[in-house]
Amino acid sequence: SYGVYFSPDETYFVVRYSSASSELRRTVNGALVKKLAGLVNSADFSRDPATTYLALSYSDKTGDLRLTSNGTPLTILEGQVSSVHLSPDQTATYFLIRYFDGFNELRRTATNAKLLLTGNITTVVFSPDTSHFVVYYSDSSTELRDTATGLAIATLPPNVRSVQFSPNGAKFIA
């Protein structure tokens, strides 16, 4: 194998091969869950063991979002995807798609709906309690958003380059 990605609860893993399609497997016995249709670049599992999502990017095809329990694709992403990352909240409310052309987008995991954002996303950072997140843009200001609704709570000045949350997520300093 070329690399391995484990789910947070270590129930599943993705085996990345250098010249063969990657595989989704169960950790307990190594049983094959699903042969993936490509060479995986990155894999990210959601934190919820009951409804685990798996976000994948490939070197030889577009990315996708899958159910981990059986490997069923939920969303096939369009374009040249460099990486896909799930939000750290328990239910993985969002996933961030990074494209090779530099354009990035944030979508709701359950519906695949794109969040209407004001510019090209460079980074998304979640508060420790995951109730809020900050969106950094390459071509506009920074926003503080509510995780449950996705709505902007505050627009921060364009010169803000870093936001630090308090340990409980209730406060932040820009």
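Residues numbered from 1 in each chain as written. Predicted model: local features only at pLDDT ≥ 70, side-chain atom pairs only at ≥ 80, totals over all residues. Heavy atoms only, no water.

Participant: Before we go on, may I ask you to explain the sheet that holds strand 10 (residues 94-99) in this structure?
Facilitator: Two pairing modes exist for strands in a sheet, parallel and antiparallel, and in both the strands are linked by backbone hydrogen bonds. The antiparallel open sheet is built from three strands, whose spatial order is 9-10-11. Each having just a single partner strand, strand 9 (81-86) and strand 11 (104-108) make up the two edges of the open sheet. Within this sheet the neighbouring strands show an average axis-to-axis angle of 20°, counted without direction. Sheet topology note: the strand 9/strand 10 ladder contains five bridges and is antiparallel. Across the sheet, residue leucine 86 finds its bridge partner in strand 10, namely phenylalanine 95. (Pairing = 2+ DSSP bridges. Helix = DSSP H or I, 4+ residues; strand = E, 2+ residues; numbered from the N terminus. Axes fitted to C-alpha atoms, helices over the stretch in contact; angles between N-to-C directions.)

Participant: Looking at this model, I keep getting lost on the pairing of strand 13 (residues 132-137). Mind explaining?
Facilitator: A regular strand places its side chains on the two faces of the sheet in alternate fashion. In terms of burial, strand 13 is a largely internal element, five of the six residues being buried. In this structure, strand 12 (residues 121-126) lies alongside strand 13, joined through five bridges in antiparallel fashion. Bridging across to strand 13, valine 124 finds its partner in valine 135. Counted along the chain from strand 12 to the antiparallel partner strand 13, the turn is five residues long, and its residue threonine 130 has a positive phi close to 60°. Both strand 13 and strand 14 (residues 142-146) contribute to a ladder of four bridges, which runs antiparallel. Paired with valine 134 across the two strands is leucine 144, which belongs to strand 14. Turn length for the strand 13-strand 14 hairpin, with the two strands adjacent in sequence and antiparallel, is four residues. (Buried < 20%, exposed > 50% of the residue type's maximum accessible area, 1.4 Å probe, protein only.)

Participant: Is there a simple way to explain the pattern of salt bridges in this structure?
Facilitator: Taken as a whole and assessed by the stated rule, the structure comprises seven salt bridges. Across the salt bridge formed by arginine 25 and glutamate 23, the nearest N and O atoms sit 2.9 Å from each other. Take glutamate 23: its relative accessible area is 9%, and that puts it in the buried class. In this structure, arginine 145 engages glutamate 143 in a salt bridge whose closest nitrogen and oxygen atoms are separated by 2.9 Å. The buried category is assigned to arginine 145, whose relative accessible area is 5%. Here glutamate 143 falls in the buried class, since its relative accessible area comes to 4%. (Salt bridge = Lys/Arg side-chain N within 4 Å of Asp/Glu carboxyl O.)

Participant: Hey, could you run me through the pairing of strand 7 (residues 64-67) in this one?
Facilitator: In this structure, strand 6 (residues 53-58) lies alongside strand 7, joined through four bridges in antiparallel fashion. Its bridge partner being in strand 7, leucine 54 is matched across the sheet by arginine 66. The antiparallel pairing of strand 6 with strand 7 creates a hairpin that spans five residues between the two strands. Bridge count between strand 7 and strand 8 (residues 73-76): three bridges; the pairing is antiparallel. Residue pairing in the sheet places leucine 65 in a bridge with threonine 75 of strand 8. Adjacent in sequence and paired antiparallel, strand 7 and strand 8 are bridged by five residues, among which glycine 71 carries a positive phi angle near 75°.

Any functional reading would require information that these geometric values do not contain.
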